[in-house]
Amino acid sequence: MNGVPGPFRPSLLEEPRALVDALGEAGYTADNLARIGALPRGTESVPVWELRRRAAGEGKLETLVRLFMLAQTEDAPAVEKALGASLTRSLAAAGLVVSHSGGWRAEAALVPTGELFFLRDFGAETLGVTGDKLRVDHVLPVGKASVLAAQLTVRRPGKLGLDLGTGQGFQAVACASHCDRVIATDITERSLSFAAMNARLNGLPVAEPGRGVEVRLGGFFEPVEDLRGTFDTIVCNPPFVITPPQDVVAFSGGDGGGAEGDGIVARIVREAPAFLAEGGFATIVMNWRHQGRDDWSQRPESWLSGSRADAWLLRSSTRTARDYALQWVERFAGSPERVDPAEVDRWTRHYERLGIAAISFGAIIIRKRSGGGGGDQANWFRGDEIELDVRHGYAGRQIQDVFAGTTLLSSVRSGDDLLAAKVRPATGLVLRENRGLDKAGWRRTSALIGRAEGLPMDRPSDAATERLLELCGQEMDLGSALGRLAGESGVPVDTVLREGAGAAAELLRAGFLVPMSRAEGES
């Protein structure tokens, strides 16, 4: 299906910018919403009953909080005062607000995210107050996993992007910043309606040939079967929580094509390479199961066997099956006090039936490289334990550097090959020094090389490493740079070449050194 399903009608929202301006004029910003308690401030949140008390005033901000965050029906004159009569009519035509009991009621919550705005379904706590129930096709908010997926996406300019399992469309809107055309898929029409409306809200064309955001209904890669091998970017934040059967599609992925456990993510990872264009990247945030604490990379690696793709698996955390059940049952319940022990036991029995002992959380980044089928250019797979946290910021440039360095290392057959390679320092490196004060004054006690933002891959540094990075920036091969370093330090050349080659390999693996062929400043 290539049209835009209900409940929203994006083409009838005449001036998306007018809504953004009106919200800003009313003070409907992330900072103000956090201050009033409509959005969490760090780990602190305000219960709905308290938010209703705080938003009881007659100002524009309070009116919009009640309308768009508390699902309350607001008097028409108050809404039109906050947004303007013409804009309110446009929102009604587009389906964002509906006439109810003589006033206006929002179809969905409207939440600022950075400089953008995204619609989502009202949460269970809000619906509990209004007397409504969580829909089977409930559309989730932009959460930490959504932001993490965006931060791990390589944003090279491209023609075609894919947001697989789009939900509210956050990844589709983000991909439109660097892809001419983005396709957003999902198994529910409601999600596609949210994705299309959110694209329109944020100024993107919807359902226009060759540009903007297009929505398609269906599961996995089936809706884009006609576009195999053409995507420059694929992003997927799937329903990765490993649960017993659930009613809400966004939590369980529907029937997942009959998949259980981590079957949904396994299928997505297996099939993604076939849909990537040469050199294209896929980013998938996921949970996956394994047996012990040391075998966490084996199953994801097996999913990509023979795929003609390179892959980097990032493990952020691992829990026992029982601990994982406790974590998610508590999250679904809303608080530790509301956890039903019988529900925890139900989850645990589900894991026992499937033979699941441990569950990891992380992400996998895949790059299509058909030339890496064998020989000196064999495809590679690596797994690293790295903390994934949205506080670390965008990592797309860093990921490309790691892929470039790892690919170079996988292609060298000997130490001489590595010494002949022309490499340069990656863009954006920083040196962090610690200094201690003694009787002689301040002196350096330790140092780390890393990046101002991105994945936390800092490594200890010393004067030789720092000088090597400087020399590699002077357009010479690695062997020549190490030879210069030996001459400057007075250390025998053989020693510097032997030890320096190992240090350079570690710098390449960390993405701190990259092949000279990787363009300076490439995103």
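Quick caveat, the model's predicted, so the values are computed rather than measured.

K.L.:
Is there a simple way to explain unusual backbone geometry in this structure?
P.N.:
Across the chain, the bulk of peptide bonds are trans and the bulk of non-glycine residues have phi less than zero. For Ala71, which is not glycine, the phi torsion reads 60° and is therefore positive. Positionally, Ala71 belongs in the loop between helix H4 (60–68) and strand S1 (74–75). Under the relative-accessibility criterion, Ala71 is labelled buried at 3%. Positioned with a positive phi, Phe220 is a non-glycine residue whose angle comes to about 50°. Mapping Phe220 onto the fold places it in the loop between strand S8 (212–217) and strand S9 (231–236).

K.L.:
Help me out: how do you make sense of helix H1 (residues 16–25) in this one?
P.N.:
Among all positions of H1, only Pro16, Leu19, Val20, Ala22 and Leu23 are buried. Buried positions in H1, seen along its axis, are confined to an arc of 165° and lie on one side of it. Facing away from the buried side of H1 by over 90 degrees, the exposed positions are Arg17 and Glu25. Of the surrounding secondary structure, the elements contacted by the buried residues of H1 are H4, helix H5 (76–83), helix H6 (85–94), strand S4 (109–113), strand S5 (116–120) and helix H10 (189–201).

K.L.:
What am I meant to see in the packing of aromatic side chains here?
P.N.:
By convention here, two paired aromatic rings are described through the distance between centres and the angle between planes. Applying the stated criterion across every chain, the model contains 12 aromatic pairs. The interplanar angle of 45° and the centroid separation of 5.8 Å between the aromatic rings of Phe240 and Phe361 together place this pair among those described as tilted. Within this pair, whereas Phe240 is found in the loop between S9 and helix H11 (249–252), its partner Phe361 is found in strand S12 (residues 358–368), the two being separated by 121 residues in sequence. Considered together, Phe240 and Phe361 belong to a single accessibility category, that of buried residues. Geometrically, the ring pair formed by Trp328 and Phe332 is tilted, given 5.8 Å between the ring centres and 45° between the ring planes.

K.L.:
Any chance you could explain the nonpolar core here in plain terms?
P.N.:
Among soluble globular proteins, nonpolar side chains are generally buried collectively. Trp312, Ile366 and Leu455 are the most contacted members of the largest nonpolar core, which has 83 residues in total. Excluding anything up to four places from it in sequence, Ile366 contacts Val269, Ala272, Pro273, Leu276, Gly280, Phe281, Ala282, Ile284, Leu304, Ala309, Asp310 and Ala311. Listed in part, the 46 residues of the second largest apolar core include Leu23, Val48, Ala106 and Phe122.

K.L.:
Would you explain the pattern of salt bridges in this entry?
P.N.:
When the charged atoms of two side chains with opposite charge come close together, those side chains can pair. Taken as a whole and judged by the stated rule, the model has 36 salt bridges. Between Asp137 and Arg135 there is a salt bridge; the shortest N-O distance is 2.7 Å.

K.L.:
Quick question: what am I supposed to make of the sheet that holds S1 here?
P.N.:
Across a sheet, strands are paired by hydrogen bonds formed along the backbone, either parallel or antiparallel in direction. The strand order across the open sheet formed by three strands is S1-S3-S2, and the pairing between neighbours is antiparallel. Among the strands making up the open sheet, the edge pair consists of S1 and strand S2 (97–100).

K.L.:
What am I meant to see in the sheet that holds strand S13 (residues 381–385) here?
P.N.:
With mixed pairing, the eight strands of this open sheet are ordered in space as S8-S7-S6-S9-S10-S12-S11-S13. Here the strands that pair on one side only, and so sit at the sheet edges, are S8 and S13. Recorded for the sheet is a direction-independent mean angle of 20° between the axes of neighbouring strands. Two strands pair when backbone bridges link them, and strand S6 (residues 158–164) and strand S7 (residues 179–186) are joined in this way by six bridges, in the parallel orientation. Residue pairing in the sheet places Gly161 in a bridge with Val182 of S7. Each of strand S10 (276–290), strand S11 (309–320) and S12 is contacted by helix H14 (residues 321–333), which is oriented at about 80° to S11, the strand it contacts most.

K.L.:
Sorry, what's going on with the confidence of the model for the chain here?
P.N.:
Do not read the fine detail of predicted coordinates wherever pLDDT is low. Taken residue by residue, the chain gives an average pLDDT of 90. The fraction at 70 or more is 93%. Taking the mean pLDDT of every element in the chain, the minimum, 51, falls on H11 and the maximum, 98, on S9.

How each quantity is defined
Residues numbered from 1 in each chain as written. Predicted model: local features only at pLDDT ≥ 70, side-chain atom pairs only at ≥ 80, totals over all residues. Heavy atoms only, no water. Helix = DSSP H or I, 4+ residues; strand = E, 2+ residues; numbered from the N terminus. Buried < 20%, exposed > 50% of the residue type's maximum accessible area, 1.4 Å probe, protein only. Arc of directions from axis to C-beta. Contact = heavy atoms within 4.5 Å. Phe/Tyr/Trp six-rings, centres within 6.5 Å; stacked < 30°, edge-to-face > 60°. Core = buried A, V, L, I, M, F, W, Y, C linked by side-chain atoms within 4.5 Å. Salt bridge = Lys/Arg side-chain N within 4 Å of Asp/Glu carboxyl O. Pairing = 2+ DSSP bridges. Axes fitted to C-alpha atoms, helices over the stretch in contact; angles between N-to-C directions. pLDDT = per-residue confidence, 0-100.

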